[in-house]
Amino acid sequence: MPDDARSLPVLATDPVADPRAVVQGDRYRITVLTDGLVRLEYADDGVFEDRASTFAVRRRLPVPEFRVLDDGPQLEVVTDRFRLVYDRGPFSTSGLSVAVQGGITVYHSVWRYGEELGDAEGTVAGMPALRGTARTLDEADGAVPLEPGVVSRTGFAVLDDSASMLFTDDGWVAPRGATGAASSGRREDLYVFAYGTDHAEALRAFYTVSGPQPLLPRFALGNWWSRYHPYAASSYEALIERFAAEGVPFSVSVVDMDWHVVEVDPELGSGWTGYTWNRELFPDPAKFLAWLHERGLRVTLNVHPADGVRAHEEAYDAMAAALGRDTSQRDPIAFDVTDRAFLEAYFAVLHRRLERDGVDFWWLDWQSGPHSRVTGIDPLWMLNHFHFLDNARARELTRTPGGRAVRDDRPLTFSRYAGPGSHRYPVGFSGDSVISWASLDFQPYFTASASNIGYGWWSHDVGGHFHGAKDDELATRWFQLGVLSPIMRLHSGANPFITKEPWAFGAEAREVMTAFLRLRHRLVPYLHAMNHRAAFDATPLVRPLYHRWSGAAGAYAARTTFLFGSELLVAPITSPVDAATRLGQVRTWLPPGTWVDVLTGQVYAVPDDGAGRGREIVLHRPLASVPVLAPAGAVVPLDGAAVPGNDLAAPEALEVLVVVGADGAFDLVEDDGGPVDGPGAPNVARTPVRWSQADGRAAVGPVRGGAEGLAAVPSRRTWTLTFPSLAVLGPDEAAGVVVAVDGVHVEADVRRVALPADPRGTALAVTVSDVPVDAEVVVGLGAGTALDAGDLPGRVFDLLDRAQVGYDLKEHLLAVATADEPVTARVSRLQALGLDRPLETALGELLLAH
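Criteria and thresholds
Residues numbered from 1 in each chain as written. Predicted model: local features only at pLDDT ≥ 70, side-chain atom pairs only at ≥ 80, totals over all residues. Heavy atoms only, no water. Buried < 20%, exposed > 50% of the residue type's maximum accessible area, 1.4 Å probe, protein only. Helix = DSSP H or I, 4+ residues; strand = E, 2+ residues; numbered from the N terminus. Arc of directions from axis to C-beta. Contact = heavy atoms within 4.5 Å. Core = buried A, V, L, I, M, F, W, Y, C linked by side-chain atoms within 4.5 Å. Polar contact = N/O pair within 3.5 Å; in protein donor to acceptor, adjacent residues only side chain to side chain.

Undergrad: So what exactly am I meant to see when it comes to helix α16 (residues 823-831) here?
TA: Think of an α-helix as turning once every 3.6 residues; residues three or four places apart then point the same way. Those residues of α16 not exposed but buried are R826, V827 and L830. Projected onto a plane normal to the axis of α16, the buried residues spread over an arc of 95 degrees and lie on a single side. Those residues of α16 that are buried are in contact with α14 (792-802), α15 (807-817) and α17 (837-847).

So, in structure tokens, the structure goes:
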């Protein structure tokens, strides 16, 4: 074994529950993990499993309050959230049930063992079931079946952990029934989540037992470039230089399988698996990777490990020596993930040598099924688990252009979903989807639903992988969704006509794609704060609306709309434009309150009827935009550069969007790139941003944090506070804005600016330059600040001007829509005209917005 070899890393676990949380009989064991989560085990031999599983790595938790009633024919276990009734026999439908308590009204809120959770149409109690995610979207052209999650409209969900792989104390793995638990007879291991419709708490319980989502390295939050194409070093470098010249930023280079030798002797097999650089394409791999690093890019290489190591590989002899294999016949070294010695050499020999060239992490493209040489051991699980842990090692410090030290030693891998617990090994690779509107339409639902099983960092082939047809509109809408997804990774299959460079599309699509790719990098300050929130507050970046508004039917019906962090609601457009209006549309639901589209400035006022019903609405947008809504009081930090670069270190200039109308608060979270033990870790810096509606006052800073965290933040910053759709403050707005730094009045640049996707939408922007980060900036707009409903006649004119309908009809519609009469009368008159539905709903959206 070479000098840099080492034993496999060990996952920290705490799997043995506190005995005080356990109710046990000869053949059953009940463990009350939280007030809404109970583990149910049955074993014919009375031997129960205390090792960590792929799902459950932490069962020793604070013991919740519960009562045990054991003086009758049935055993009862009662918490504030559930009542379990059990006949002490083999688990059966009549003998084991869990009734959800605490205000849930669905009469199906009693789980009975063995009862099917849903019908053939995927409904439970007449309502669509809430699902989790799937292993892959390979070959998907639209929806695929999803595995269960841990949230439900009926109030309970069940996770069956009976067959999952186990982790041993020495860091290795074992199938169920191996040493430590006899395999004879019936054996079941179930986790019942009984949280009613408190979906956020159900998810919190899931993370409590299964471990949190790891904190991603900041570079993962930018744009990723990927294409299955035989690049040479020179052509790849030319591509990166073209991106830079076009002002299109990327933070990750994904190099597909042609980095390695793919043309091999047929007697050795295919070239699908490989560990030897193709030096005809990449004559100096280390130089090539260093070139990418110098331009702010991290690099991942694709690997298909299933075929093992063949005799043509540069590492063949070293692998054989490490494993004590005879090389005289040049026999292949089989891939055997269940052989610990092989796996140790797999990292120490095959991967470490390539990492020394400059590879940052690995794209594990496992497509060979869930079976290995040991029943119950899934190779995908093994690869995800050990690759992620192996990647968790300190890396050399890099330096930003500003000279600040930034560490880069957070682990990362890139692979398919293997089952509950996979969230511990980000990032997820969803596989090779078909290029189609059906695929695009499914992906927002798929991404948001994954949070129901704690899986928060999916990466899709944005734009689709293969098949389909070139469609500028489809590709642009997919770009927009990708930018507003957990990971933004462009990808194309091995077809010379399929590619995702913006300049490969028409002028309008190219402009929009470029703008959104820049927006992704501008969003990184917000995304990184949400990265911390995901890791330390059990809240994935992308969630379904019902996680927050669980009592509203509309939140469940809006399947493609999602929460994007704490401040934004996104309703992607996933169908083609209407031929007449030339607008894309999406049917969605808005919660009660006031909402502002931060790209267009359109304001929506949704009255609160006391029951939280909100409003079902059809939103319409041209190709340049997609609904990205922020509630009153939202605070969204952005990189202040209009054209950001590849480097994603903490920026010196920041823009903060502040939506007036309610108090707002946000903490900008930055760190030094190293492991973070918790929100108060010394390598974390926090800059508070607060908005007080009563006195019209915004305050930024001062920064707080430990020495390591402060060292990663620029010592001075330029702040721009932008107030979208702010009503004009007076005839001389600049004179009415008061700006102070640490209580001392300073000059600021105050101006009206157009919003990115609609020139009729404006914002007030206030810029303060060269501010010490340990100072407080205060921007006072004065009491009475309010949102501006906007230029309704102008927006109606733009809508009709774009529409492909008769000129006389346009003139009549403009007159009706802008008439001096109640809005209900105008809407009624429009409905009476018998307009095509898209035109009618587009006009209705504007008239009924507030």
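Text resumes after the structure shown.
Undergrad: Explanation requested: the nonpolar core in the structure shown.
TA: Generally speaking, a soluble globular protein has its nonpolar side chains buried in company with each other. In terms of nonpolar packing, the biggest core is built from 213 residues, with F193, Y346, F564, F723 and V779 touching the most fellow members. Considering each element in turn, this core owes the most residues, eight residues, to helix α5 (residues 340-357). Once residues lying within four places of it in the same chain are set aside, the contact partners of V779 are G696, R697, A698, L721, F723, V737, V738, V739 and V766.

Undergrad: It is not clear to me how the side chain of T841 should be interpreted in this structure. Could you clarify?
TA: Among the structural elements, T841 can be located in helix α17. What makes T841 buried here is its relative accessible area of 13%. In terms of polar contacts, T841 uses its side chain to reach the side chain of H620, at 2.8 Å. Setting aside residues up to four positions removed in sequence, T841 forms contacts with Q585, V618 and H620.

Undergrad: Is there a simple way to explain unusual backbone geometry in this structure?
TA: Working note: non-glycine residues mostly have negative phi, and peptide bonds are mostly trans. Look at the link from P426 to V427: it is a cis peptide, with omega at 15 degrees. With respect to the element layout, V427 can be found in the loop between β22 (414-415) and β23 (428-429). A cis amide bond links G701 with the next residue in sequence, P702, at an omega value of 0 degrees. For P702, the location among the structural elements is in the loop between β38 (697-700) and β39 (704-705). Although it is not a glycine, R88 adopts a positive phi angle of roughly 75 degrees. In this fold, R88 is placed in the loop between β7 (82-86) and β8 (96-100). For R88, a relative accessible area of 29% translates into the label partly exposed.

Undergrad: It is not clear to me how the environment of T722 should be interpreted in this structure. Could you clarify?
TA: Tracing the sequence through the fold places T722 in strand β40 (residues 716-724). Classification of T722 as buried rests on a relative accessible area of 3%. A C-alpha to C-alpha distance of 47 Å links T722 and R60, two positions 662 residues apart in sequence. T722 has contacts with E655, V656, L657, V658, A763, L764 and A765, leaving out every residue within four places of it along the chain.

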